[in-house]
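Chain and residue survey
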Amino acid sequence: MTQQYPTSLGTSDADTITLLGQNLADDLMGKVGFGELTLWMVTQRRPTQSEVRVFEAVLVALADHGFTPTAIAARLTYLSAPDSVQGALAAGLLGGGSRFLGVTEDAGQFLAGVLAEADEIPADDAGYDALALAAVQRARAAGKFVPGLGHPVHKARDPRTPVLITIADEEGVRGPHLRLFEAIGRVHPQVLGRTLPLNGAGTCGAVLADLGLPLSLLRGFALLARAAGLLGQLAEEQRTPIANDIYMSVDRNATYITPK
């Protein structure tokens, strides 16, 4: 009996390449954008242009934020192994975790969990506020952080957040996850005693969840966006190197302490 390995993504023969049931060369190349293709491959359905616009806004929002640990790791790895661009990209992507980039998935999971436990989806802002208040109170009582609240640089407002909300609203995909996240932004000062901004990564998680994308893959979309940013970082490292300066600064300022 011949073993079968089913796939609905890509296949090829001597003359053609087929992707998602389409002829890659004739039907997709030059006709489908990369963001659209990504959504199509993940969901196995062709997305609407509204979904594509929102999704690509998320990718742009997460692509690059300067000299973050992921960018520094990529540059230092490239310094050590300039013959391995893939290693430098991988080093940067491996740094996407609970503190950087992972908040996108954490926020989406958190919001989905709150909505799943609700008796019904709220019909108005007052209903979302009540649901959000209870969720923040539970998190506070359990000694947990609400993912997506606060930012190390943007203390008053993350500039990405209102833009993402506006685009989602314009395209008709401002769904329950994003509305709940907005409500958390309104009610959390009652519980925490201070006002924190809704950060862009958390907003991205809410938006991606509203697009119906698998919650277990939300971090993957953040990494997809950051891969582009890291490629830009490596291109800049080639033009204007700084990795060796970082290495030498740490090395020359290291202080040896005798083990006790």
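Criteria and thresholds
Residues numbered from 1 in each chain as written. Predicted model: local features only at pLDDT ≥ 70, side-chain atom pairs only at ≥ 80, totals over all residues. Heavy atoms only, no water. Helix = DSSP H or I, 4+ residues; strand = E, 2+ residues; numbered from the N terminus. Buried < 20%, exposed > 50% of the residue type's maximum accessible area, 1.4 Å probe, protein only. Contact = heavy atoms within 4.5 Å. Areas by Shrake-Rupley, 256 points an atom, 1.4 Å probe, with all protein chains shown as cover. Lys, Arg positive; Asp, Glu negative; His and termini not counted. Charge placed at Lys NZ, Arg CZ, Asp CG, Glu CD. Salt bridge = Lys/Arg side-chain N within 4 Å of Asp/Glu carboxyl O. Polar contact = N/O pair within 3.5 Å; in protein donor to acceptor, adjacent residues only side chain to side chain. 1 Å grid on protein atoms, 1.4 Å probe; cavity = no way out; pocket = protein on both sides within 12 Å on 5 of 7 lines; lining within 4 Å. Points joined across faces, edges and corners; volume = space filled by probe spheres on them. Nonpolar A, V, L, I, M, F, W, Y, C, P; charged D, E, K, R; others polar. Phe/Tyr/Trp six-rings, centres within 6.5 Å; stacked < 30°, edge-to-face > 60°. Expected span 1.5 Å × (residues − 1). Pairing = 2+ DSSP bridges. Axes fitted to C-alpha atoms, helices over the stretch in contact; angles between N-to-C directions. Parallel < 35°, antiparallel > 145°, perpendicular 65-115°, else oblique. Core = buried A, V, L, I, M, F, W, Y, C linked by side-chain atoms within 4.5 Å.

This paragraph deals with the overall build of the protein. For the protein, the helix and strand inventory stands at 12 helices and 3 strands. Summarising its shape, the C-alpha atoms of the protein cover approximately 65 × 55 × 45 Å along the three principal directions. Sorting the 260 residues of the protein into buried and exposed places 40% on the buried side. Long-range pairs, those at least 24 residues apart, make up 72% of the contacts in the protein with a sequence separation of at least 6. Carbon and sulfur atoms form 56% of the exposed surface of the protein, whose accessible area is close to 14,600 Å². A distance of 10 Å separates the average location of the 21 positive side-chain charges in the protein from that of its 27 negative side-chain charges.

By the secondary structure assignment, arginine 226 is in helix α11 (residues 218-239). For arginine 226, which is buried and forms no salt bridge, the nearest opposite charge comes from aspartate 64, at a distance of 5.6 Å. A distance of 3.1 Å separates the side chain of arginine 226 from the backbone oxygen of leucine 62, its partner in a polar contact. If near-sequence neighbours (up to four positions away) are discounted, arginine 226 is found in contact with Leu62, Ala63, Asp64, His65, Thr68, Thr70, Leu93 and Leu101.

What follows is about the layout of surface pockets. In this structure, the largest pocket encloses a volume near 1,000 Å³. Together, 33 residues line the largest pocket, and Arg99, Val103, Leu149, Gly150 and Asn199 are the ones closest to its centre. Going through the elements one at a time, α6 (103-117) and α7 (125-141) are the ones with two or more residues in the lining of the largest pocket. Ranked by the residues each element gives to the lining of the largest pocket, the list is headed by α7, at 3 residues. Residue composition of the lining of the largest pocket, by class: 16 nonpolar, 9 polar and 8 charged.

Turning our eyes to something else, we now look at the packing of aromatic side chains. Counted under the stated rule, the structure contains 1 aromatic pair. Judged by centre distance (5.6 Å) and plane angle (90 degrees), the ring pair of phenylalanine 55 and phenylalanine 221 falls under edge-to-face. Pair noted here: phenylalanine 55 is in helix α3 (residues 49-62) and phenylalanine 221 is in helix α11, with a separation of 166 residues, a long-range link.

Below, the discussion takes up α3. Taking 1.5 Å as the rise per residue, α3 with 14 residues should run 20 Å; its terminal C-alpha atoms sit 20 Å apart, in good agreement. Among all positions of α3, only Glu51, Val52, Val54, Phe55, Ala57, Val58, Leu59, Ala61 and Leu62 are buried. In this structure, the buried residues of α3 make contact with α2 (34-43), α6, α8 (160-170), α10 (200-210) and α11.

On to α11, then. In this model α11 runs 33 Å from its N-terminal to its C-terminal C-alpha over 22 residues, within 8% of the 32 Å that 1.5 Å per residue would give. Within α11 the residues assigned to the buried category are Leu218, Phe221, Ala222, Ala225, Arg226, Gly229, Leu230, Gln233, Leu234 and Glu237.

On the basis of which strands lie adjacent, the open sheet formed by 3 strands has the order β1-β2-β3 and antiparallel pairing. On the outer flanks of this sheet lie β1 (10-12) and β3 (22-23), each paired with one strand and no other. Where β1 and strand β2 (residues 17-19) come together, 3 bridges link them in antiparallel fashion. What sits directly across from serine 12, in β2, is isoleucine 17.

A separate point is the packing of α6 against helix α9 (residues 176-192). Two elements in contact, α6 and α9, have axes whose closest approach is 10 Å; the angle formed by their N-to-C orientations is 100 degrees. Accordingly, the angle class assigned to the pair α6 and α9 is roughly perpendicular. Note on element contacts: α9 touches α6 through Pro176, His177, Leu180, Phe181 and Ile184, opposite Gly108, Phe110, Leu111, Ala112, Val114 and Leu115. When grouped by side-chain class, the residues that make up the contact of α6 with α9 number 9 nonpolar, 2 polar and no charged.

In the Ramachandran plot, leucine 20 falls in the positive-phi region, its phi being about 55 degrees despite a non-glycine side chain. Located in the positive-phi region is glutamine 44, a residue other than glycine, with phi close to 65 degrees. By the element assignment, glutamine 44 lies in the loop between α2 and α3.

With that out of the way, let us pick up the nonpolar core. Where a protein is soluble and globular, its nonpolar side chains tend to be buried together. Judged by nonpolar contacts, the single largest core of 48 residues is most densely connected at Phe55, Leu180, Leu208 and Leu213. Sorting the residues of this core by element identifies α3, α6, α7, α8, α9, α10 and α11 as the ones contributing at least two each. If you tally residues by element for this core, the top one is α3, at 8 residues. Not counting residues within four places of it along the chain, the set of residues in contact with leucine 180 comprises Leu111, Val114, Leu115, Tyr128, Leu131 and Ala132. With 6 residues, the next largest nonpolar core counts Leu19, Val32, Leu37 and Trp40 among its residues.

Everything listed is a geometric property; what it means functionally is a separate question.
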